[in-house]
Amino acid sequence: MSVKKKTNAKSIGESNSKKKEEKKETKIASAKVKKKTKNKEEKATTEKKVKSKVKKEKIVKKKKTVKPVSKNAVKIKKDKKKKTEKEKTENKTKKTIKRKEKSILPSEDKSLVKETIAEEKIITETPQAKTGQKPKIKINEFVTVKILSEKLQIGVGDLIKRLMSLNILATINQRLNLEIVSLITEEFGYEAEIIPLYGEEISEEEQQDASLLKSRSPVVTIMGHVDHGKTSLLDAIRKSKIVEKEAGNITQHIGAYKVKTDKGDIVFLDTPGHEAFSAMRARGAQITDIVILVVAADDGVMPQTVEAIDHARAAGVPIIVAVNKIDLPTANIQRIRQDLANLNLLSEEWGGKTVFVEVSAKKETGLNDLLEMILLEAEVLELVSDVDVFAQGVVIEARLDPRKGILATILIQKGTLKVRDSFIVGLTYGKVRAMLDDHGRKIKQAPPSTPVEIMGFVDIPHVGDRFRVIKEDKKARYISQMRQNINREDMVKKKKHISLENLHQQIEEGKIKELKIILKADVRGSIEAVRDSLEKIKSDEIKLAIIHSGVGGINEADVLLAAASDALIIGFNVRPEQNVISLAEKENVNIKTYRVIYELVAKIKAAMEGLLGPQIEEIIIGKVEVRQIFKASKMGIISGCYVKEGKVLRNSLVRLLRNNIIVYEGKINSLRHFKEDIRETVAGYECGIVLENFQDVKVNDIVEVFELKETPGVL
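Residues numbered from 1 in each chain as written. Predicted model: local features only at pLDDT ≥ 70, side-chain atom pairs only at ≥ 80, totals over all residues. Heavy atoms only, no water.

Trainee: Describe the sheet that holds strand β14 (residues 422–425), listing the residues and the values that go with them.
Mentor: If you walk around this closed barrel you meet the six strands as β11-β12-β17-β15-β14-β18, and the pairing is antiparallel. Ignoring strand direction, the axes of neighbouring strands in this sheet form an average angle of 45°. Relative to strand β18 (residues 466–470), strand β11 (residues 392–401) runs antiparallel, the two being bridged by three bridges. Paired with Gly393 across the two strands is Phe467, which belongs to β18. (Pairing = 2+ DSSP bridges. Helix = DSSP H or I, 4+ residues; strand = E, 2+ residues; numbered from the N terminus. Axes fitted to C-alpha atoms, helices over the stretch in contact; angles between N-to-C directions.)

Trainee: Please set out the nonpolar core residue by residue, giving values where relevant.
Mentor: Core analysis: the largest hydrophobic core is formed by 26 residues, its most contacted members being Leu233, Ile237, Phe268, Ile292, Ile320, Leu370 and Ile374. Contributing elements (two or more residues each) for this core: β4 (219–224), α9 (230–238), β5 (255–261), β6 (264–270), β7 (290–296), β8 (319–324), β9 (355–358) and α14 (367–381). Top element by residues in this core is α14. It accounts for six residues. (Core = buried A, V, L, I, M, F, W, Y, C linked by side-chain atoms within 4.5 Å. Buried < 20%, exposed > 50% of the residue type's maximum accessible area, 1.4 Å probe, protein only.)

Trainee: Pulling in residues and values, what's your account of unusual backbone geometry?
Mentor: Of note, Gln153 is a non-glycine position whose phi angle comes to about 60°, a positive value. Within the element layout of this structure, Gln153 appears in the loop between α5 (145–152) and α6 (156–165).

Trainee: Help me get a handle on the packing of α9 against α14, residues and values and all.
Mentor: For any two helices packed against each other, one specifies the inter-axial angle together with the distance between the axes. Contact pair α9 / α14: the axes reach a minimum separation of 11 Å and the direction vectors enclose 90°. Here α9 is positioned roughly perpendicular relative to α14, judged by the angle of their axes. Each of Leu233, Ala236 and Ile237 in α9 lies in contact with α14, whose residues at this interface are Leu367, Leu370 and Leu371. For the contact of α9 with α14, the residue count by class is six nonpolar, no polar and no charged. (Parallel < 35°, antiparallel > 145°, perpendicular 65-115°, else oblique. Contact = heavy atoms within 4.5 Å. Nonpolar A, V, L, I, M, F, W, Y, C, P; charged D, E, K, R; others polar.)

Trainee: Residues and numbers for the packing of aromatic side chains, please.
Mentor: What the rule picks out here adds up to three aromatic pairs. Relative to Phe694, the ring of Tyr664 lies with its centre 4.7 Å away and its plane at 25°, an arrangement referred to as stacked. One end of the pair, Tyr664, is in strand β26 (residues 661–673); the other, Phe694, is in the loop between β29 (686–691) and β30 (702–711), and 30 residues separate them in sequence. By relative accessible area, Phe694 is classed as buried at 15%. Taken together through their ring pairs, the aromatic side chains of Phe423, Phe457 and Phe467 make up a single cluster. (Phe/Tyr/Trp six-rings, centres within 6.5 Å; stacked < 30°, edge-to-face > 60°.)

Trainee: Describe the pattern of salt bridges, with residues and values.
Mentor: What the rule picks out here adds up to 20 salt bridges. Between Arg655 and Glu618 there is a salt bridge, and its shortest N-O distance comes to 2.6 Å. With Arg655 in strand β25 (residues 653–658) and Glu618 in strand β23 (residues 615–632), this pair connects stretches of sequence that are 37 residues apart. Judged by its relative accessible area of 30%, Glu618 is partly exposed. Close ionic contact of Arg658 with Asp701 constitutes a salt bridge, the shortest N to O distance being 2.8 Å. (Salt bridge = Lys/Arg side-chain N within 4 Å of Asp/Glu carboxyl O.)

Listed below in structure tokens is the structure:
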């Protein structure tokens, strides 16, 4: 039994130890499996991490390559490059100066060496020496001393010294006159390109690519004499009743209308007179592509027709003649052709270049031919514009509506105008709140050659003011304020137009190459005689050109044309009215009136040659209206007068005007108040005037009282 027990115990012990060993082996095996799986997992995670890291690095690298470099960074880089280049050249110059100082000259001539080397440096290094042309620098209208010195790449102190040598005292932040800027830039070997404040910033954005330019509709202005059917013709083309809306069937405002045809659109401008046309040109707004000259077949060429031709020629635009009212029995088309041929408008039928179209606004005949000719002329002109830039245009009309506020008609010339665009126009600014087309319908955008009425102006703009869209409202406000400040400064020192007194001086300074004259006379014969005499004046330095001539008194349209063209107004046996004199003073336009043709020619010739002697200045001291005529046996004709302006002195020099034409010039023989002789009378009083050796006085005649003052000739 004991042996059995012993053997059993032994077998049990062995089995237990075997089990333990098996367990140990299984534990070791499972531990190995676990370690293997763990290693695999770790390997997989590390591989994943590496892959993600590589991916991230690739993305970052890609981003870095895609990320655009900012303009400021590029500018800073360029500035640094310029600075280093400048330093290098300066060091090089210093070394050459030292070398030449040692080898060539003694110590007392060191300054001379520096000057010569500096001159050599300028000659060799300036771009104009390499290309033969002056480099251009862009300068805006508000340029200061500091900005100009940066543009010219010179020290502020050097620029101020140069200005002081020209007797101009200026501080670092002072705004400079554009004429002085042009002079200074020329001295430093540059050519100044004057641009608006916003022009420099958008010049890079608006690089005009020929492939991006698209054809635009032509802008046509209808001009001609009163009652020759300008608006009726436009009315017939548009098939609407514009003329019925106007007071007295005469155009009282400027209208801009878009007409659609099978071959393209045409924009028509209907003006109330040529003043608006001149006002736009005076502000530098050249908006018209073609002028339609309307001439009535029954009436012929009239003074305003001639005026319209002169305005169109001064603007340099092609003319198409529309002979209207051909349906009337009194129509004489051949006479129209002959009269216009005398004014250098020869029809194509007669071998000329001017297109003549026979139309009838009433019967609506010949309208398609007229539209076809306009589109044909536009095709020859190749009118194109960029659609994708900031909108630009010109103010055609502006008014204050009691309900809507300030409204202005704008003709878009370039780009596309959208609602909520901020803009600057002349001295004012605003934001497009609403936009209407020529039919009064609301629109959201307007492409080039589109007339639109805009709401959202801060102040009323002027006709002819430039319209431009600006990115930010703040910027528009800032530019407006700056322009208003400049305008206040310029009001003090107004631009002086050409005059006989300063003509020769301006010729010598090279400011004038052509003397433009507007000639007005009492009769057509006088105009021809004066024109022939003036055209005989020959000069090598200056060309004389009569840009407009007409019969009758000097009017506001003449002054506006003179202001726009920088011309001189010459009156022969005619006088301007007081409102015309006031406008001429405001626009600084020179008006000269003569009664003797030889005196007129001699004065202009002397002015051109610089031989003007003492100037006799005429000062108007009073204006009197004849209201009644009395006959006296001893004294003859006594004029019962009312003093409208100034005063009248006994023995004063006077001029009698009838319909603004001079009929007498002499002295007052007698001045009375009732039966008493008086020495003088003033505005608001009545008086009796007897003229010396003149009896042909009529009611409504105007007596101008003047005195002559001699002043030394100014050249």
